[in-house]
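Letter by letter, the chains look like this.
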Amino acid sequence: MSQKNTFQVVARKLITASDKKKYDPFNRVEYQETLNGDRWQFPEDFLSLRNLPIYGDLDDEQKWRLSLLEAINFFSVNIHGEQALVAALEPRLYRDKRVGEDPVSSKYIQRFIHEENSHTYMLAEFCLRYHGSVFPDRAFAVEQPKFSPEVEDILFYGRTYILESYLGFINQKAVKDSDMDTSAHQVHKYHLIDEARHKAWDKAMIEENLSRAKKKNLSSELRAAKDLMATYQEYIYQSACNPAVYRALGLENGMRLRTEVIASNERRDLMRPWSEGLAKYYADIGF
Ligand SMILES: [Fe+2]
Ligand SMILES: [Fe+2]
């Protein structure tokens, strides 16, 4: 096997790893008949209102409702992110024009798409069973300026990495939280397992494209892409604060609550391991 293209070595490893973890995509999670009112549907520490004075005014039943609504919001953001991701991955299959479109990489991307599709199914199933619907996409227009292919792909895989590392950060907190209810816990656990592979692929693509972009001296494009990634990171950060959640809970002035959560220092501190992890990664690869 040629060791020439590191990303193809990564693709082969990920294919093997993915095939070892095969599962029935439509029967993976055991959905509870009814949710347990004594267990959280989303980790309490990560409830968006947790650090605002209003949280102390909520009774136990409202706090539990908030945890369910936050789970629906988080899973909905996840679903919309996966939809956009699958739409962007699909045309890359076997196209063989850019990095990661060769036959070996394409075989891995088929598994990537397959896993995202199965995630969307398990997440949507949770939202439909326990809330009756998926929250609508909050229609963030993702800017797509014309860059060289290498930088375009850094931006694409960079945004994917930002999203997947955010999801993984929360998944990990939920998996470690012994107060989580069974079905929600399973959804987080299964997602976390698969996302480790996806992030490895995102990194392989970012790094290969970065080394090619540097050889072509695309530094001003790279700076512009980095700014766009920072904007996207902030959008993902703010996606956890949805006024529709607060309205559904019967709270007045959902937009003001959203602004307060976003401005909260405690919330920034809570999310810091995620944002610092991203910053460290960019520094390590010289981006
Ligand atoms: Fe996923
Ligand atoms: Fe993923």
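That block above? That's the structure.
The structure reproduced in this document is the subject of the present report. All values derive from a computational prediction rather than experimental measurement.

Time to look at the overall build of the chain. Along the chain, the regular secondary structure elements total 10 helices and 0 strands. Taken from the N to the C terminus, the helices and strands of the chain come in the order α-α-α-α-α-α-α-α-α-α. Scaling as 2.2 N^0.38, a compact globule of 287 residues should have a C-alpha radius of gyration of about 19 Å, and the chain matches this with 20 Å. Taken along the three principal axes of its C-alpha coordinates, the chain extends 60 × 40 × 30 Å. Within the span of the chain, comprising 287 residues, buried residues form 37% of the whole. Once local pairs closer than 6 in sequence are excluded, the contacts in the chain between residues at least 24 apart make up 81%.

Turning our attention to the packing of helix α3 (residues 60-89) against helix α4 (residues 103-131). Between α3 and α4, the shortest axis-to-axis distance is 9 Å and the interhelical angle comes to 150°. On the basis of the axis angle, α3 is roughly antiparallel to α4. Here α3 runs over α4; the crossing is left-handed. Class assignment for the residues of the contact of α3 with α4 results in 15 nonpolar, 7 polar and 2 charged.

Mapped onto the secondary structure, Arg 98 falls in the loop between α3 and α4. On the basis of neighbour counts, which here come to 16 C-beta atoms within 10 Å, the residue Arg 98 falls in the partly exposed class. Sequence separation between Arg 98 and Asn 209 is 111 residues; the distance between their C-alpha atoms is 9.3 Å. Residues within four places of Arg 98 in sequence aside, it is in contact with Pro 149 and Asp 153.

Moving on, we get to helix α1 (residues 6-20). The terminal C-alpha atoms of α1 lie 21 Å apart, and with 15 residues this matches the ideal 21 Å at 1.5 Å per residue to within 8%. Residues of α1 that are buried sit in contact with α4 and α6 (182-215).

Before going further, it helps to examine the environment of Tyr 281. You can see Tyr 281 is positioned in helix α10 (residues 265-285). For Tyr 281, a count of 16 C-beta atoms within 10 Å puts it in the partly exposed group. In the structure, Tyr 281 is positioned 115 residues away from Tyr 166 in sequence and 14 Å away in space, judged by C-alpha atoms.

Moving on: the environment of Asn 171. Along the chain, the position of Asn 171 falls in helix α5 (residues 149-176). Its 22 C-beta neighbours within 10 Å are what place Asn 171 among the buried residues. Once the C-alpha coordinates of Asn 171 and Arg 12 are considered, the two residues, 159 residues apart in sequence, prove to be 26 Å apart.

The next subject is the packing of α4 against α6. Axis separation between α4 and α6 bottoms out at 11 Å; the angle between their running directions is 160°. As far as their axial angle goes, α6 and α4 are roughly antiparallel. Both α4 and α6 take part in a crossing whose hand is left-handed. Residues Tyr 108, Phe 112, Glu 115, His 119, Met 122, Leu 123 and Phe 126 of α4 form the contact with α6, whose participating residues are Ser 183, Val 187, Tyr 190, His 191, Asp 194, His 198 and Trp 201. Looking at the contact of α4 with α6 residue by residue, the class counts come to 8 nonpolar, 4 polar and 2 charged.

Rules and cut-offs
The written sequence of each chain sets the order in which its residues are numbered from 1. Chain A is the first chain written and ligand 1 is the first ligand written, with later ones labelled in order. With pLDDT at 70 or above as the cut-off, local features in this predicted model cover only qualifying residues; side-chain atom pairs require 80 or more to be listed or tallied, and sums for whole chains, interfaces and linings still use all residues. Note on conventions: DSSP H or I runs of at least 4 residues are helices, E runs of at least 2 residues are strands, and numbering of each starts at the N terminus. A radius of gyration in this sense is built from C-alpha atoms; the matching globule rule multiplies 2.2 Å by the number of residues raised to 0.38. Every C-beta atom is placed from the backbone, and the number of other C-beta atoms within 10 Å of a residue's own sets its class: buried at 20 or more, exposed at 12 or fewer, partly exposed in between. In this description, any two residues whose backbone-derived C-beta atoms lie within 7 Å of each other are considered to be in contact. Axis lines are fitted to C-alpha atoms, over the contacting stretch for helices. Their N-to-C directions set the angle, which ranges from 0 to 180 degrees. Any angle from 65 to 115 degrees is called roughly perpendicular, while one under 35 is roughly parallel, one over 145 is roughly antiparallel, and all others are oblique. Each helix crossing is assigned a hand: it is left-handed if the near helix lies turned anticlockwise from the far helix by less than a right angle, otherwise right-handed if that turn is clockwise. For this classification, the nonpolar set comprises Ala, Val, Leu, Ile, Met, Phe, Trp, Tyr, Cys and Pro, the charged set comprises Asp, Glu, Lys and Arg, and every other residue, Gly included, is treated as polar. Each residue after the first adds 1.5 Å to the expected span of a helix.

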